[in-house]
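Here is how the chains run, residue by residue.
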Amino acid sequence: MRCGRAEDKPREDCDPVMKRMEKHKRFGGLSTVTIGIVMMFACGMALADEPLPVASSPPSTGTAPYLMNSISAMRQRADALTGSNRIEPADAVLIQRKEIDWSRYVRTALHMPDWIDVGLENRTRFESYDHPWRTSQAISNGQTDPQILLRSRLRFGLGGNGPFRFLFEGQDARVYLNKDPGDFRDNTTVNEFDILQLLGALTLHNVFGSGLRTDIHVGRMTMDFGRRRLIARNDFRNTSNAFDGLHWQISQGQSWRVRAVFVEPVIRSEVQLDEQNSKSLFWGSYFESRHVPWFQVDAYYLGLNDRHVPNISSHRTYSTFGGRLSKDPKPGELDYEIESAWQIGTRGDTDHFAHFQHLDLGYTFNLPWAPRLLFHYDYASGDRQPGDSQDEGFDTLFGARRWELMPTGTFGPFFRTNLNSPGWRLIVNPAPGWIVQVKHRVWYLAQSQDVFGNSGLQDATGQAGNSLGHDVELRAQWALSANMDFDIGYVHWFKGSYFDRLPSSADLPLGGNKDTGYFYLQMRVRV
């Protein structure tokens with residue numbers, strides 16, 4: 001059948017996106033029904049907070065008011081165990097508080113005791129971008145790449161606030177509409193039916209009467225360190241970093257803490273169970289001081305010995321030293337953040353010396369919507385002369401990027417390696433639960449002869465230059481509650497002269513030099 005230029009009703013066999021959605025429309029009955037039940041349950045929890053309409057007739061004795069009253073009472077019981085009254089799960093000091101501080105409606109509905117923690121989470125996101133640039137996508141002939149990413153998690157914990165606690169967290173991360181040639185797919189988007197965390201924790205308060213707290217974690221865990229540029233539990237990305245081993249911390253309230261870790265990074269598999277490898281070791285220590293609010297200090301050392309891949313040239317033995325100075329944003333005040341990290345070691349048989357520098361300068365206006373204007377600058381070294389006796393490309397280890405650089409997911413072209421990028425961002429809060437921001441950044445290669453991120457693109461002569469272009473991002477987030485939130489965004493990447501000047505041998509996909517537009521829409525439900 002031939003497709004005309006225009007039709008009153010588009011035919012599925014004329015629209016490639018509709019054809020692909022039809023091809024992959026069966027998500028599986030059980031998973032779809034489960035997601036639907038969870039979403040309806042969470043919507044009921046959210047709506048239970050709304051007052052019932054006042055009626056002129058006598059109160060109804062039917063089941064609807066009774067059901068709403070029961071849901072409202074259940075919500076109140078669950079909400080009572082959040083915030084300062086929350087019962088800490090085993091990973092409370094390992095990751096960001098927002099990852100765990102939400103009302104456990106399932107536990108409350110099942111009348112479970114406080115020492116049992118049960119939580120369910122589902123996040124669904126549609127995202128699409130055009131004019132792909134990665135060499136691995138050359139086979140796609142430049143076609144648009146729309147995908148649907150689903151991530152479901154189950155948490156089960158034991159121990160309550162006792163000194164001994166246990167946590168299991170399972171995760172299923174999968175993608176639909178990613179079967180066509182050239183579609184982006186790897187273990188950052190797909191990690192089906194796996195164990196994200198499985199750990200035991202020992203917590204001691206007021207150790208030997210000193211007022212100090214100490215925690216020991218053993219098993220598989222996710223972790224956030226500092227601003228998460230080098231170690232992170234990935235949020236926007238569909239899969240997350242995890243580690244098998246030992247974590248220890250000692251702290252004094254919110255004033256200071258010291259953390260140490262000795263682990264084996266978990267090697268993610270798309271469909272098989274993840275595993276660790278004794279030939280990949282990661283260790284380090286991290287110090288945080290909050291004694292002076294306008295001069296907060298972090299200092300760290302991180303070591304990596306990664307030899308699990310057969311290719312000797314990809315073996316990494318690094319020592320990363322760094323520090324961070326910062327002041328938190330407050331209305332009517334300036335804020336700042338400075339981070340500097342330096343790496344030494346070897347990559348394969350080559351000496352390695354690299355560094356990363358970050359600067360933020362911000363101001364929050366004492367005005368309605370609390371507008372905050374923020375200026376960024378990031379520099380991550382690249383390799384000046386690939387193939388010589390020294391490697392200078394910075395390795396971001398296990399860090400996250402979304403909140404600072406751009407959306408990741410199937411997009412995410414920029415990494416903290418071989419990067420030179422100034423930019424600015426404006427953030428406003430127009431209503432409770434709403435965050436709206438606009439961002440603009442300019443992108444350059446730090447070294448024109450080195451590889452561009454993970455794209456596979458490289459001009460060894462350097463004649464393509466280093467101008468990657470600039471982008472404008474619009475993002476709106478709405479948190480209906482801690483249990484339900486929405487996120488929508490659009491990025492337009494105005495590509496630079498680098499893509500026009502690349503030699504044909506670089507394998508840039510057809511149309512890869514054209515501007516790329518990226519759109520996503522996301523919903524998350526937690527019960």
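Look above for the structure.
Residues numbered from 1 in each chain as written. Predicted model: local features only at pLDDT ≥ 70, side-chain atom pairs only at ≥ 80, totals over all residues. Heavy atoms only, no water.

Asks: Quick question: what am I supposed to make of the overall build of the chain here?
Replies: When its secondary structure is counted, the chain shows 5 helices and 19 strands. A burial count over the chain gives 49% of its 527 residues as buried. The contacts of the chain with a sequence gap of at least 6 include a subset with a gap of at least 24, amounting to 63%. Here the chain has roughly 24,800 Å² of accessible surface; of this, 61% comes from carbon and sulfur atoms. (Helix = DSSP H or I, 4+ residues; strand = E, 2+ residues; numbered from the N terminus. Buried < 20%, exposed > 50% of the residue type's maximum accessible area, 1.4 Å probe, protein only. Contact = heavy atoms within 4.5 Å. Areas by Shrake-Rupley, 256 points an atom, 1.4 Å probe, with all protein chains shown as cover.)

Asks: Looking at this model, I keep getting lost on the pairing of strand β18 (residues 484-495). Mind explaining?
Replies: Every other side chain in a regular strand lies on the same face of the sheet, so the side chains alternate between the two faces. Inspection of the sheet shows strand β17 (residues 467-481) paired to β18 by 12 bridges, in the antiparallel sense. By the bridge assignment, tryptophan 478 is partnered in β18 with phenylalanine 486. Here β18 runs beside strand β19 (residues 516-526); their pairing, made up of 10 bridges, is antiparallel. Of the residues in β19, the one forming a bridge with tryptophan 493 is threonine 516. (Pairing = 2+ DSSP bridges.)

Asks: I'm lost on the side chain of threonine 108 in this one. Help?
Replies: Turning to its location among the elements, threonine 108 is positioned in helix α4 (residues 105-109). Here arginine 104 takes part through its backbone oxygen, which lies 3.0 Å from a polar atom of the side chain of threonine 108. (Polar contact = N/O pair within 3.5 Å; in protein donor to acceptor, adjacent residues only side chain to side chain.)

Asks: Explain a nonpolar patch on the surface here, please?
Replies: Nonpolar side chains collect at one region of the surface, where Ile338, Leu359, Leu361, Phe375, Tyr377, Trp424 and Leu426 lie side by side and expose about 580 Å² of accessible area between them. Looking at the nonpolar patch, the elements with two or more residues in it are β12 (350-364), β13 (372-380) and β15 (419-428). Along the chain, tyrosine 377 falls in strand β13. (Patch = residues over 30% accessible without salt bridge, like charges linked within 9 Å, V, L, I, M, F, W, Y side chains within 5 Å. Salt bridge = Lys/Arg side-chain N within 4 Å of Asp/Glu carboxyl O.)

Asks: Got a minute to help me understand unusual backbone geometry in this structure?
Replies: In terms of backbone geometry, most residues other than glycine have negative phi values and most peptide bonds are trans. Located in the positive-phi region is histidine 111, a residue other than glycine, with phi close to 55°. For histidine 111, the position within the fold is in the loop between α4 and β1 (116-129). A relative accessible area of 64% means that histidine 111 is categorised as exposed. You will see that tryptophan 369, though not glycine, has its phi angle at about 75°, which is positive. Tracing the chain through its elements places tryptophan 369 in the loop between β12 and β13.

Asks: Looking at this structure, how should I read the environment of glycine 226?
Replies: Within the secondary structure layout, glycine 226 lies in the loop between β5 (213-221) and β6 (243-252). A relative accessible area of 31% means that glycine 226 is categorised as partly exposed. Along the chain, glycine 226 and alanine 299 lie 73 residues apart, while their C-alpha atoms are 9.3 Å from each other. For glycine 226, the residues in contact, after removing those within four places along its chain, are Tyr286, Glu288 and Asp298.

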